[in-house]
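Survey of secondary and tertiary structure
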Amino acid sequence: MFFFLCLIGIVYIIFKNLLSDPLYAVFGTYVSIACSSYLFWVNTCKDHLVTATMFAMTILFLTLYIQKSDQWYLFSSFICTGLLAWIRPEVGAFIFLIMVFLLLFFYFTNNFQFQPNKRTIFLFLCPIGTIIGIIPLFISNILVTGHPLVLPFQLLKNYSNNQDFSTNSTLTVSQVPETQDMSASGFSDSILSILYNVVERIMPDVPMDTFLGNVYGVFISPSTLKVPVLAIVPIFLIGIGFLPKIYSIIHENKKNESTIIFSLLMVSVGIFCAYLTSIAGLHTSIGIFPDVRYLSPVYIPLNIIGILLVSKVFNKQIIHQILQFSVLFSVIGPVIILFILFLVNNTIDFWSVFLWMNGIITLLIYLVMLLFFIFLVGWYAHKIDNGILVYPISFLIALPLIWQISMILIIQCYLDTPYYYPPLLPIVREFLPWIAGFQ
């Protein structure tokens, strides 16, 4: 819950800085939480919410740097990148590479030849902030593996490659070597191992002729009934739909919005690249539910891009209407879900309801998205007013939130619920069986 509240605050500050209006900031924050899976993971022991929070901090300082050109913000963003590596080393590594790329992009888009002044020197020293942020990872590595650059999973991977384990065996800490080579050659080998792991992670685990099919599975239509990435962030697709109308406005905007959007796209690519080596499993694995959860940090930048684009189309009055209708749909939806659960109580098994809900919500999102684009064509042709777009947009924003709440309700209504999913408050847990008891 702590990190969930922190995430809400960080996202609000991001939108307040980008859009300079409390209503747009509230709208952006609401959409970013609704169009995600963060509410679902709020009470679990999974690290997805922690990763998303630290990733949001990285984005906050990155956008502040683009807006204000204060290099301390970029330095702070690199510190957050180091902390992100502490939480998820593979994510932190690729976001660091993207951040270095963006640093060079910022430099060469403003200067075409090296100017050795204090400002330029400090700009190229900003990546050192990553070392500060990654110190907790070094400490934990020393405590567990005896070497600051050796991760625990590397030891276990190397150890398991040389051992024959039965399905019921357990690897204890005492079986893992307690110390690592701390000499110069040992550090050199560790750095080479890190570089090898980075390169290995960007190599897809599927043949290249099926790569695009797996990308399609992750973002649009998974092989198993989980909600794909683009279905959870419909506001991003809505913003893309408006792009032909507002491209010139963004390109000429003095607030560097085009640079911000480009940077957000790049960090989104960084998240995706961190899991390229598992791209097939992301959409086929039966253990990755209810969404493609390892890519869940990407919801933040994609939602921000969508809100930035939509804010150029609608005034405050229409934004307020979208927010009102979306909240209304988000309240009605779970009530309908609760009624359905009452009807099917103990007649359909947990996984059937769980998976069917994923499939139905995904289908609804795509159908409403199709309706939106039909209306959008009419709007471009000046056949309809933009006010009619309020309803499909509101419903599209509400559907991912309804999905999150429905997942929690489904889990609480079944006694054979897997233990690692989020529990509700005790009073709510008692209320659901009481409702079901009327049957």
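Let me sum up the structure you'll find in this document. (Residues numbered from 1 in each chain as written. Predicted model: local features only at pLDDT ≥ 70, side-chain atom pairs only at ≥ 80, totals over all residues. Heavy atoms only, no water.)

Some points on unusual backbone geometry
- In the segment running from Phe289 into Pro290, the intervening peptide bond is cis, with an omega of 0°.
- Along the chain, the position of Pro290 falls in the loop between helix H15 (279–284) and helix H16 (299–310).
- Unlike most non-glycine residues, Ser69 shows phi in positive territory, near 60°.
- Position of Ser69 relative to the elements: it lies in the loop between helix H3 (48–68) and helix H4 (71–87).
- Looking at Ser69, the relative accessible area reads 38%, which means it is partly exposed.
- Phi at His382 is positive, roughly 60°, even though this residue is not glycine.
- Tracing the sequence through the fold places His382 in the loop between helix H18 (350–380) and helix H19 (390–412).
- Residue His382 is classed as exposed on the basis of its relative accessible area, which comes to 67%. (Helix = DSSP H or I, 4+ residues; strand = E, 2+ residues; numbered from the N terminus. Buried < 20%, exposed > 50% of the residue type's maximum accessible area, 1.4 Å probe, protein only.)

Examining the packing of H4 against helix H5 (residues 89–108)
- One can describe the packing of H4 onto H5 by two numbers: an axis separation of 6 Å at closest approach and a directional angle of 160°. On the basis of their axis angle, the class for H4 and H5 is roughly antiparallel. Two packed elements cross with a definite hand, and for H4 against H5 that hand is left-handed. Touching Leu74, Ser77, Phe78, Thr81, Leu84, Ala85 and Ile87 of H4 are Pro89, Val91, Gly92, Ile95, Phe96, Met99, Val100 and Leu103, all from H5.
- Taken together, the residues of the contact of H4 with H5 sort by class into twelve nonpolar, three polar and no charged. (Axes fitted to C-alpha atoms, helices over the stretch in contact; angles between N-to-C directions. Parallel < 35°, antiparallel > 145°, perpendicular 65-115°, else oblique. Left-handed = near helix turned anticlockwise from the far one by under 90°. Contact = heavy atoms within 4.5 Å. Nonpolar A, V, L, I, M, F, W, Y, C, P; charged D, E, K, R; others polar.)

A look at empty space enclosed by the protein
- On inspection of all chains with the given rule, the structure shows two cavities of 30 Å³ or more.
- Here the residues of the lining of the second largest cavity sort into four nonpolar, three polar and three charged. (1 Å grid on protein atoms, 1.4 Å probe; cavity = no way out; pocket = protein on both sides within 12 Å on 5 of 7 lines; lining within 4 Å. Points joined across faces, edges and corners; volume = space filled by probe spheres on them.)

Description of H3
- For H3, with 21 residues, the first-to-last C-alpha span of 30 Å sits near the 30 Å given by 1.5 Å per residue.
- Most of H3 is tucked away: 17 of the 21 residues are buried.
- One or two residues past the end of H3 sits Ser69, with phi positive at roughly 60°. (Expected span 1.5 Å × (residues − 1).)

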